[in-house]
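What follows is each chain in one-letter form.
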Amino acid sequence: MGSFALIASGAALAAVESVVPVLVRDRFASRLFAKDSTLWGVDAEREASVRLGWIDLFEGSRALVSEIAGLRSDLNAEGVDRIVLCGMGGSSLAPEVITKEAGVELVVLDATDPEQVGSALVDLQRTALVVSSKSGSTIETDSQRRLFEQAFSDAGIDAASRIVVVTDPGSPLEEAARKAGYRKVFNANPQVGGRYSALTAFGLVPSGLAGADIETLLDDAEESAEFLGDDDVDNVGLQLGAVLGGTAPLRDKIVFADAGSGLPGFTDWVEQLIAESTGKLGTGLLPVVASTGAPELAAVAEDVMPVILAPFNEAPFNEAPGGESGGESGGEFGGESGGELMTGTGVTVSGTLGSQMFVWEYAVAVAGRLLGINPFDQPDVEAAKKAARGFLEAQPEPTAAAFVDGAVEIRGEAGLLGSSGTLGEALRALLAALPADGYLSVQAYLDRFRQVALEEVRSPLAALTGRPVTFGWGPRFLHSTGQYHKGGSPIGVYLQVTGASGTDLAVPDRPFTFGQLISAQAAGDAQVLADQGRPVLRLHLTDRAAGVAQLRAAISALAVSGQGHHENG
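Rules and cut-offs
- Residues numbered from 1 in each chain as written.
- Predicted model: local features only at pLDDT ≥ 70, side-chain atom pairs only at ≥ 80, totals over all residues.
- Heavy atoms only, no water.
- Helix = DSSP H or I, 4+ residues; strand = E, 2+ residues; numbered from the N terminus.
- Rg over C-alpha atoms; globule rule 2.2 N^0.38 Å.
- Buried < 20%, exposed > 50% of the residue type's maximum accessible area, 1.4 Å probe, protein only.
- Areas by Shrake-Rupley, 256 points an atom, 1.4 Å probe, with all protein chains shown as cover.
- Lys, Arg positive; Asp, Glu negative; His and termini not counted.
- Charge placed at Lys NZ, Arg CZ, Asp CG, Glu CD.
- Contact = heavy atoms within 4.5 Å.
- Core = buried A, V, L, I, M, F, W, Y, C linked by side-chain atoms within 4.5 Å.
- Pairing = 2+ DSSP bridges.
- Axes fitted to C-alpha atoms, helices over the stretch in contact; angles between N-to-C directions.
- Parallel < 35°, antiparallel > 145°, perpendicular 65-115°, else oblique.
- Left-handed = near helix turned anticlockwise from the far one by under 90°.
- Nonpolar A, V, L, I, M, F, W, Y, C, P; charged D, E, K, R; others polar.

Bringing the overall build of the protein into the picture now. When you go through the protein residue by residue, the secondary structure sums to 22 helices and 16 strands. Since a compact globule built from 569 residues should have a radius of gyration of about 25 Å, the 23 Å found for the protein is in line with a globular shape. Judged by the C-alpha coordinates and their principal axes, the protein covers about 60 × 60 × 45 Å. Expressed as a percentage of its 569 residues, the buried residues of the protein come to 60%. As presented, the protein carries roughly 20000 Å² of accessible surface, and 48% of it is formed by carbon and sulfur atoms. A distance of 6 Å separates the average location of the 40 positive side-chain charges in the protein from that of its 73 negative side-chain charges.

This is the structure:
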């Protein structure tokens, strides 16, 4: 396949060699391209029958290209050249990676933190808003739309002329948008789920309006699709799916590192695709977005599968067995494209953005069959939404902190905190609850741009525990890894970080503010996890800058003392 290549080694290669021939014998590839909804079992058949539109979306998606280009030209002629996207999950992550790869500006608003939301309310005279919601009832997106609509009007701008909607036909958002006379409504393909929607209107409209080359994106994806319907052992989609879901024993922590792929943000997109598609029925694959120097890759545990994203058309891919279609190799991988990253088990993949997106969607569908789950539903996402709605409606007083240390209020079950009296002791107590085969999830309900330094705790925590550590910004992770946290393997411990804000924003025509919304989302998610018996340590920063610095210092101190490394880690 000219625009995608794969090299596997160790347990990854063993999975390819043992599983792919079975998939070929079962005619998985040709049956998938025939939209055979029985591929994932009886329980999944009903959902799968209305979720396979991504297999042959190209004609419908190409029809959008000229329409998007025309709208962009019209907006530019009116002096409107700044695009803000309100969307969550696949509706925001795909356009973010498409525009980053293209080097064009798109303001992605997938947040409810009042400081982050407020920072997007600038340059309104040159701004158009894209509101993307498959269901048309996403609370974050609806709240953001209301805020911008009022802000446009307050600035003397005709709000309807600046708002573009992407939604499924017949959704509440479509009805409201048409009634309000919004600039344009794009109907997405209703037979494509949100996380599979990168190459539909959800990925294409905001990206194209921002100036990305969406036609080439579709060309590359369609080129890949030409090979993926083949029942053949050289089918790289079958190979990648086997690596994800076919190792024995299952390596269910998929650790990603980008070694110069040229696709910034791709790992965040693939994270939600994998986690939400597979994390259910007590099993699934936990994607871990790391870096090439990550502790998880320095010493690869038996339940970890390293995935290296390498530059396309560089060694070793242009000499890979299997010619243009890539292939598999049992030797070292990394080489010039991966910087001698590692030897042993793992897979290195390379490709253009369109091909990567389509092959990964395909591979996750393969993995779903191998894991015995339905890759197209998300049964546990609703639990956190329901709990958040309960907190929003009741507006209870915050639970009293167990204790306060500096700029950090600490909350957690008494059985978890024990005799802890400092931040460091509370962190040590959480890490002590980490199972030998478990993972730590850090969840930050803050401004992901202003508090970006908090991401730097991930790697030290992984080194400290000897276990995979994920990092997610709330509430956006609720639409991706949040499904795995509740529905996947019950082996996680959770570190939730929230922060006080000196600013808040009312949600027009709603009885709550953005500050109240993000607080309810954090509290609701923590409650659902705790109700399932998952250890949750909640840290509230009374001063964001001081609190982030204090948390980083406390983790560094634990690392120096070695008090956190799991003895079986």
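Once you've had a look at it, read on.
Note on placement: R476 falls in the loop between β14 (469-473) and α20 (481-487). R476 gets classed as buried once you look at its relative accessible area, which sits at 12%. Those residues within four positions of R476 in sequence are excluded, and the remaining contacts are M88, L93, E96, D110, D268 and R448.

This brings us to the nonpolar core. Residues W40, W54, F266, W269, M357 and W360 are the most contacted members of the largest nonpolar core, which totals 93 residues. The dominant element in this core, judged by the number of residues it contributes, is helix α15 (residues 353-371), at 12 residues. Residues contacting M357, with those up to four places away along its chain left out, are A94, V97, I98, A198, L199, F266 and W269.

This part covers the sheet that holds β14. Pairing is mixed in the open sheet, where 6 strands are placed in the order β11-β12-β16-β15-β13-β14. Two strands in the sheet have a free side with no partner beyond their single neighbour: β11 (403-405) and β14. In this sheet, adjacent strand axes meet at a mean angle of 20 degrees when their direction is disregarded.

Attention shifts here to the packing of helix α12 (residues 266-278) against α15. One can describe the packing of α12 onto α15 by two numbers: an axis separation of 10 Å at closest approach and a directional angle of 20 degrees. The orientation of α12 relative to α15 falls into the category roughly parallel. Two packed elements cross with a definite hand, and for α12 against α15 that hand is right-handed. Residue-level inspection shows F266, W269, V270, L273, I274, S277 and T278 of α12 in contact with α15, the latter providing L353, Q356, M357, W360, E361, V364 and L371. Among the residues forming the contact of α12 with α15, the class breakdown is 10 nonpolar, 3 polar and 1 charged.

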